[in-house]
Amino acid sequence: MSLIRLEKRPAPSALLSAATPVLAVIATMIAGGVMFWALGANPFEAIRTIFWDPLFDPTFGAYSRPQLLVKAGPLILIATGLALGFRAGIWNIGAEGQYIMGAIVGAGVGLALYPTETRWLFPLMVAAGAIGGWAWAMIPAFLKTRFGTNEILVSLMLVYVAENILASVSSGLLRNPEGHGFPGSRNLARDFPAASNPELIAGTGMHWGVVAAFAAVIFAYVLMTRHRMGFAIRLAGEAPRAARFAGVNPARLVLFSLGTAGAFAGAAGFFEVSGPAGQISIDFNSGYGFTAIIVAFLGRLHPVGILLAGLLMALTYIGGELAQLMLTMPAAAIQLFQGMLLFFLLAMDVFANYRLRFGTPEVA
Amino acid sequence: MTQALLTLEGLTKAYPGVVANNDISFEIGHGQVHALLGENGAGKSTLVKTIYGLVKPDAGRMTLDGRPYAPANPRMARAEGVAMVFQHFSLFDALDVAENIALGMDNPPGRRQLAARITEVSEAYGLPLDPHRIVGDLSAGERQRVEIVRCLLQNPKLLIMDEPTSVLTPQEVDILFKTLRKLAAEGTAILYISHKLEEIRSLCEHATVLRLGEVVADCDPRQQSARDLAELMVGTTLHTPSREAGAPGEVLLEVTGLSLPAPTDFGTALRDVGFSLCAGEVLGIGGVAGNGQDELLAALSGERLAPAGTIRLRGKDVGRLPPNARRALGILAAPEERLGHSAAPEMSLTENALLTGAVREKLISNGFISWPRSRSFAQRIIEGFDVRTPGPEVAAGALSGGNLQKFVIGREILQAPDIFVVNQPTWGVDASAAAAIRQAILDLSAKGAGVVVISQDLDELMEISDRFTALNEGRLAPIRPAKGLTTEEIGLMMGGAHDMEVAHVETLAEVDA
């Protein structure tokens, strides 16, 4: 018998469900502050450096403000796709691989047509990127629907396959012929105007990938609230037997949600390689596909929540880099700080569904 | 009788929003078979959980053999000689009988010794059990024997049995009653919980009737008619469903040679199931739980596809059609499990109305959902079927079992099906809601629909069916007109005693006589 126990609430607390992300951020600031203090930094300065300086510091603001959208764009686009599957109980953990394959296929199509000037090239490359990600996601989807394999394992393992393909093409197939033998493709952003994804409004960081992320949020919102597919996704996640009874085809759901997530991740990869990154290189991927999983949950798997969570996560990235630079924090401390955010979110979730009771229980 | 075995005085237990037990007092004598009667929600479960040490009362006291009795947990209750057989078995399918029994004992003896004791006790009470058989292979009646033998090994003074016959065929019920009578003759008191009145009248010498948490009557059930007992339980005059008997119409649904493998390891395969259903007819399908009821409903609703040609609606093969295509043709269904199968508990009633109503009520056009139409459909169900709820935005899981069942049944019936298949339409539903549901089913058939009612409640089936059959290990017994069937015949259709032995009881009964 314990003195403190959790009692399931009859219905999840609506107030707490809405407030958990905010409470999680506050708890992360407190626990993170303690950690920074233990590392010998002034906790208030550290928190300010992460959350405030990137946007408002007179010296760095002008550089780091556009980074917010640059970093948030791919996170939001990928997380929006992932959340569709997560709502249905389909766990695509391999967005990172789909992101890499989208970048390779999208950039590959452009590079194959170098140095064409046609304005149809960019849309063609976007489509190729999305198809690349989609096709990579279809592997776990097909194996799951055909042979009942676990999509978590297959999609995750395919990330490592994609990373090896990336290493191979950046020093082989897609290597810049004028690059003096260094690995890495031609720079699309700098040397190939028809294939580049430029900043649309100077000083904002807004590029086509950010536009696509916002469009994806609207698409997902309409799908989940108004369309039968969104209803099928929610039903399958909440009551799988009821979903089958309602006529939801589980295989079609797997193909749709993995496919959409793959296409979004692939497009995100292409927008990155043709814009902020510029070229295919061995270390092109930077973990957006994994961080997007945190973003999806931080945003409560809701499109608008994901939009906000993506911006917040991007802020901790930029602020974290700034803290490394200014306060000489180790990179691991920043990663730990981001991990705390997910930890506290999940912990707070427990309290939305359960109530804390003190005293001895009645039933042994 | 000099002194009562167990006395209850003023037991009261309140939960937030409901008083489950209010000032309950009665006593049980040594060797008495005492019935505890009441509808769902009358407070029977709370009361027996109090006696078994699972619930601590807010007020009141108990004495056992004259000494104060206040068990803090079931282990203490067992130590004092109180044992309980639950309605839902707590057995591990993959373990054998002896292992299961050892797991439920506080101080199990060694394996070999335990096996010998099991054989000894089970033979003595006419409940033959092989200690080495795997529980997953046993019938429901045999599983219950495992639970009973587990209790008997502890030589209880009081044995509590919660709805023990809901999983038994009439023949198996006979065997159980012989055992219980023998136990009572040896001095063990039995507290027998049920809502089946005829059983109580044949078995028990004393009955306590609960209604809304209070004792409303103490009586000798043998002196009362079943109808009197029912009215004591419900508190009002019961309305018996009725309808105009009409001649059956054309054949609507034909099922022939339907065989399907078991969906899971402990599921049931359907074997060569065949029947035909006419317009305006109610076909009742009885049987002990786990004999293919869920599987038959899934095959008819389209949740599992059937082999081509095995299911025909007006001559058209529908066996390979998915659920929504069958709904479009007029075959609607309501599965047994309300939470998570026929309804999604965390979704609103509006969303649950959409769950099966999308096709026939045209709630979706071009893939987009019309929420106003879904809401008004939910509202129509709520009004038409007297669903007690603040409104259609309430989550399905927040409704009581009876109200949610009325919603589920209403949702299908309002869509005017040609064929309606329902499994356990009134399971866990209070008597007045059950009567309303049965009446709605009869009204539907009177309008020309064919209805298949799968149920484990034989009284219900006899009341509303035109023809009757039973599922036994995935096979359907030959269909007979319901009128004039005897309990004996029904029991045999359900699989008789499932090859359970009865010989020992009879010899013992002779010795007793």
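Residues numbered from 1 in each chain as written. Chains lettered and ligands numbered in written order. Predicted model: local features only at pLDDT ≥ 70, side-chain atom pairs only at ≥ 80, totals over all residues. Heavy atoms only, no water.

Condition: UniProt positions are given in the numbering used here, feature names are shortened, and annotations may be inferred rather than shown by experiment.
Chain B goes by ABC transporter ATP-binding protein in an unreviewed UniProt entry, where it is assigned to Maritimibacter fusiformis. Taken directly from UniProt, the Subcellular location (unreviewed entry) text for chain B runs: "Cell membrane".

## With respect to the overall build of chain A
Stated formally: Each helix is a run of DSSP H or I of at least 4 residues and each strand a run of E of at least 2, with the numbering of both proceeding from the N terminus. Based on C-alpha atoms, the radius of gyration is set beside the globule rule, defined as 2.2 Å times the residue count to the power 0.38. Residue burial is assigned from relative accessible area. The probe radius is 1.4 Å, only protein chains are included, and a residue is buried under 20% of its type maximum, exposed over 50%, and partly exposed in between. Should any heavy atoms of two residues lie within 4.5 Å, those residues are counted as being in contact. His residues and chain termini do not enter the charge count, which takes Lys and Arg as positive and Asp and Glu as negative. To locate a charge, take atom NZ for lysine, CZ for arginine, CG for aspartate or CD for glutamate.
Regarding its fold elements, chain A presents 15 helices and two strands. Computed over C-alpha atoms, the radius of gyration of chain A comes to 22 Å, within 12% of the 21 Å expected from 2.2 N^0.38 for 364 residues, which places it in the range of a compact globule. Along the first, second and third principal axes, the C-alpha atoms of chain A reach 75 × 55 × 35 Å. Burial status across chain A gives 52% buried among its 364 residues. When contacts within chain A are restricted to residue pairs at least 6 apart in sequence, long-range pairs at least 24 apart make up 76% of them. Looking at charge distribution, chain A has the averaged site of its 22 positive side-chain charges lying 15 Å from that of its 17 negative ones.

## Quick notes on the sheet that holds strand β1 (residues 6-15) of chain B
Residue and element names in this part refer to chain B. Counted only if it meets this: In short, DSSP must find at least two bridges between two strands for them to pair. All axes are obtained by fitting lines to C-alpha atoms, using only the stretch in contact for helices, and the reported angles, taken between N-to-C directions, cover 0 to 180 degrees.
Across the sheet, four strands lie side by side as β2-β1-β4-β5; this open sheet has antiparallel pairing. With one partner strand each, in any of the chains shown, β2 (18-28) and β5 (67-68) form the two edges of the open sheet. Bridge analysis of strand β4 (residues 59-64) against β5 gives two bridges, and the strand direction is antiparallel. Considered in β5, the bridge of Leu 64 is made with Arg 67. Relative to β1, helix α1 (residues 44-51) is tilted by about 120°, and along the sheet it contacts β1, β2 and β4.

## A short note on the domain arrangement of chain B
Residues and elements named next belong to chain B. The line we're drawing: For the purposes of this description, domain bounds are those given by an automatic or database domain assignment. Using a 1.4 Å probe, buried area is obtained as the accessible area two parts lose upon being combined, added over both of them. Counted as salt bridges are all cases of a side-chain nitrogen of Lys or Arg within 4 Å of a carboxyl oxygen of Asp or Glu.
What the domain assignment reports for chain B is domain 1 (6-239) and domain 2 (251-493). Domain 1 puts 14 residues into the contact, and the matching count from domain 2 is 15 residues. Taking both partners together, domain 1 and domain 2 bury about 1100 Å²; carbon and sulfur atoms supply 60% of that area. For the pair domain 1 and domain 2, the number of links is zero salt bridges.

## Quick word on the interface of chain A and chain B
To be explicit about the condition: Throughout this description, a polar contact denotes any pair of N or O atoms lying within 3.5 Å of each other; where both atoms belong to protein, one of them has to be capable of donating a hydrogen while the other can accept it, and for residues adjacent in sequence the pair is counted only when both atoms sit in side chains. Residue polarity follows a fixed list, in which Ala, Val, Leu, Ile, Met, Phe, Trp, Tyr, Cys and Pro are nonpolar, Asp, Glu, Lys and Arg are charged, and the others, Gly among them, are polar.
The partner chain B presents 32 residues to the 19 residues of chain A that form the contact. For the chain A and chain B pair, buried surface summed over both sides reaches about 2300 Å², with 60% attributable to carbon and sulfur atoms. In this assembly, chain A and chain B are joined by one salt bridge. If you look at where chain A meets chain B, you find ten residue pairs in polar contact (both at pLDDT 80 or more). For the side of chain A that touches chain B, the secondary-structure elements that each account for two or more residues are α9 (208-226), α10 (228-238) and α11 (240-245) of chain A. Per-element accounting of the side of chain A that touches chain B gives the leading share, five residues, to α10(A). Taken together, the residues that form the side of chain A that touches chain B break down as nine nonpolar, three polar and seven charged.

## Regarding the pairing of strand β10 (residues 214-219) of chain B
Two faces, one strand: in a regular strand the side chains alternate between the faces of the sheet. Residue and element names in this part refer to chain B. Two elements, strand β9 (residues 206-211) and β10, share five bridges in a ladder whose sense is antiparallel. Paired with Leu 210 across the bridge in β10 is Val 215. Connecting β9 to the next strand, β10, in antiparallel fashion are two residues, including Leu 212 with a positive phi near 45°.

## Notes on the packing of aromatic side chains
Think of a pair of aromatic rings as described by two things: how far the centres are apart, and how the planes are tilted against each other in angle. For clarity, the cut-off: Here the aromatic set is Phe, Tyr and Trp, taking the six-membered ring for Trp, and pairing holds for ring centres within 6.5 Å; pairs whose planes are under 30 degrees apart are stacked, those over 60 apart are edge-to-face, and all others are tilted. Working rule: Lys NZ or Arg CZ, within 6 Å of ring centre, within 35 degrees of ring normal, means a charge sits over the ring.
Tallied over the full model, the rule gives 18 aromatic pairs over all chains. Between Trp52(A) and Phe56(A), the aromatic rings sit 4.4 Å apart at their centres with planes inclined by 35°, giving tilted as the arrangement. For Phe56(A), a relative accessible area of 49% gives the class partly exposed. Here the aromatic rings of Phe177(B) and Tyr192(B) are separated by 6.1 Å at their centres, their planes lie at 75°, and the arrangement is edge-to-face. Taken together, the positions of Phe177(B) in helix α6 (residues 170-185) and Tyr192(B) in strand β8 (residues 189-194) put the pair 15 residues apart, joining distant regions of the chain. Judged on exposure class, the residue Phe177(B) and its partner Tyr192(B) are both buried. Ring pairing ties together the aromatic residues Phe36(A), Phe51(A) and Phe337(A), which thus form one cluster. Directly above the ring of Tyr114(A) sits Arg186(A), whose terminal nitrogen or CZ lies 3.8 Å from the centroid. A cation over a ring is seen here: Lys182(B) above Tyr125(B), with NZ or CZ 5.6 Å from the ring centre.

## Remarks on the environment of Leu235(A)
Residue and element names in this part refer to chain A. The topology assignment puts Leu 235 in helix α10. Here Leu 235 falls in the buried class, since its relative accessible area comes to 0%. Expressed as a C-alpha distance, the spacing of Leu 235 and Ala 88, which sit 147 residues apart in the sequence, is 7.3 Å.

## Some thoughts on α9(A)
All names here are of chain A. Keep this limit in mind: Helix span is expected to be 1.5 Å times the residue number reduced by one. Directions drawn from the helix axis to the C-beta atoms are what define this arc.
Given a rise of 1.5 Å per residue, 19 residues ought to cover 27 Å, and the 26 Å separating the end C-alpha atoms of α9 matches this to within 8%. By the burial criterion, the buried members of α9 are Gly 209, Val 210, Ala 213, Ala 216, Val 217, Ala 220, Leu 223 and Met 224. The buried side chains of α9 occupy one side of the element, clustering within an arc of 140° when seen end-on. Against α4 (61-87), α10, α12 (250-274) and α14 (303-327) lie the buried residues of α9.

## With respect to the environment of Gly53(B)
Residue and element names in this part refer to chain B. Assignment of secondary structure puts Gly 53 in the loop between α1 and β4. Judged by relative accessible area, Gly 53 falls into the buried class, the value being 4%. For Gly 53, the contacting residues outside a window of four places in its chain are Pro 71, Ala 72, Asn 73 and Pro 74.

## Notes on a nonpolar patch on the surface
Residue and element names in this part refer to chain A. Cut-off, in case you're wondering: In this analysis, a patch consists of residues with relative accessible area above 30% that form no salt bridge, clustered at 9 Å for like charges and at 5 Å for the nonpolar side chains Val, Leu, Ile, Met, Phe, Trp and Tyr. All accessible-area figures derive from a Shrake-Rupley calculation using a 1.4 Å probe, and residue coverage is judged against the displayed protein chains alone.
Taken together, the side chains of Ile 4, Leu 6, Val 350, Phe 351, Tyr 354, Leu 356 and Phe 358 make up a nonpolar region of the molecular surface, amounting to roughly 630 Å² of accessible area. Contributing elements (two or more residues each) for the nonpolar patch: β1 (4-8), α15 (331-353) and β2 (354-358). Residue contributions to the nonpolar patch peak at three residues, all from β2. Among the secondary structure elements, Phe 351 is positioned in helix α15. Since its relative accessible area comes to 34%, Phe 351 is described here as partly exposed.

## A closer look at the state of the cysteines
Residues and elements named next belong to chain B. For the record, the criterion: Here, two cysteine sulfur atoms that lie within 2.5 Å of each other are counted as a disulfide.
Using the criterion set out here, one finds zero disulfides over all chains in the structure. Unpaired in this structure, Cys 151 has its nearest cysteine sulfur neighbour in Cys 204, at a distance of 17 Å. Classification of Cys 151 as buried rests on a relative accessible area of 7%.

## Notes on unusual backbone geometry
Residues and elements named next belong to chain A. At the junction of Tyr 114 and Pro 115, the peptide bond is cis and its omega measures out at 5° in the coordinates. Structurally, the position occupied by Pro 115 is in the loop between α5 (95-112) and α6 (121-147). The phi dihedral of His 180 is positive, around 55°, even though this residue is not glycine. With respect to the helices, strands and loops of the structure, His 180 is situated in the loop between α7 (151-171) and α8 (188-191).

## What to know about the side chain of Asp53(A)
Counting through the fold element by element, Asp53(A) comes out in helix α3 (residues 53-56). Excluding residues that lie within four positions of it along the chain, Asp53(A) makes contacts with Arg48(A), Ser64(A) and Leu322(A).

## Topic: the packing of α9(A) against α10(A)
Residues and elements named next belong to chain A. In plain terms, the rule: An angle counts as roughly parallel when it lies under 35 degrees, as roughly antiparallel when it exceeds 145, as roughly perpendicular when it falls between 65 and 115, and as oblique in every other case.
At a minimum axis separation of 5 Å, α9 and α10 run at an interaxial angle of 75°. Classified by the angle between their axes, α9 and α10 sit roughly perpendicular to one another. Seen from α9, the contacting residues are Leu 223, Met 224 and Arg 226; seen from α10, they are Arg 228, Met 229, Gly 230, Ile 233 and Arg 234. Broken down by class, the residue content of the contact of α9 with α10 amounts to four nonpolar, one polar and three charged.

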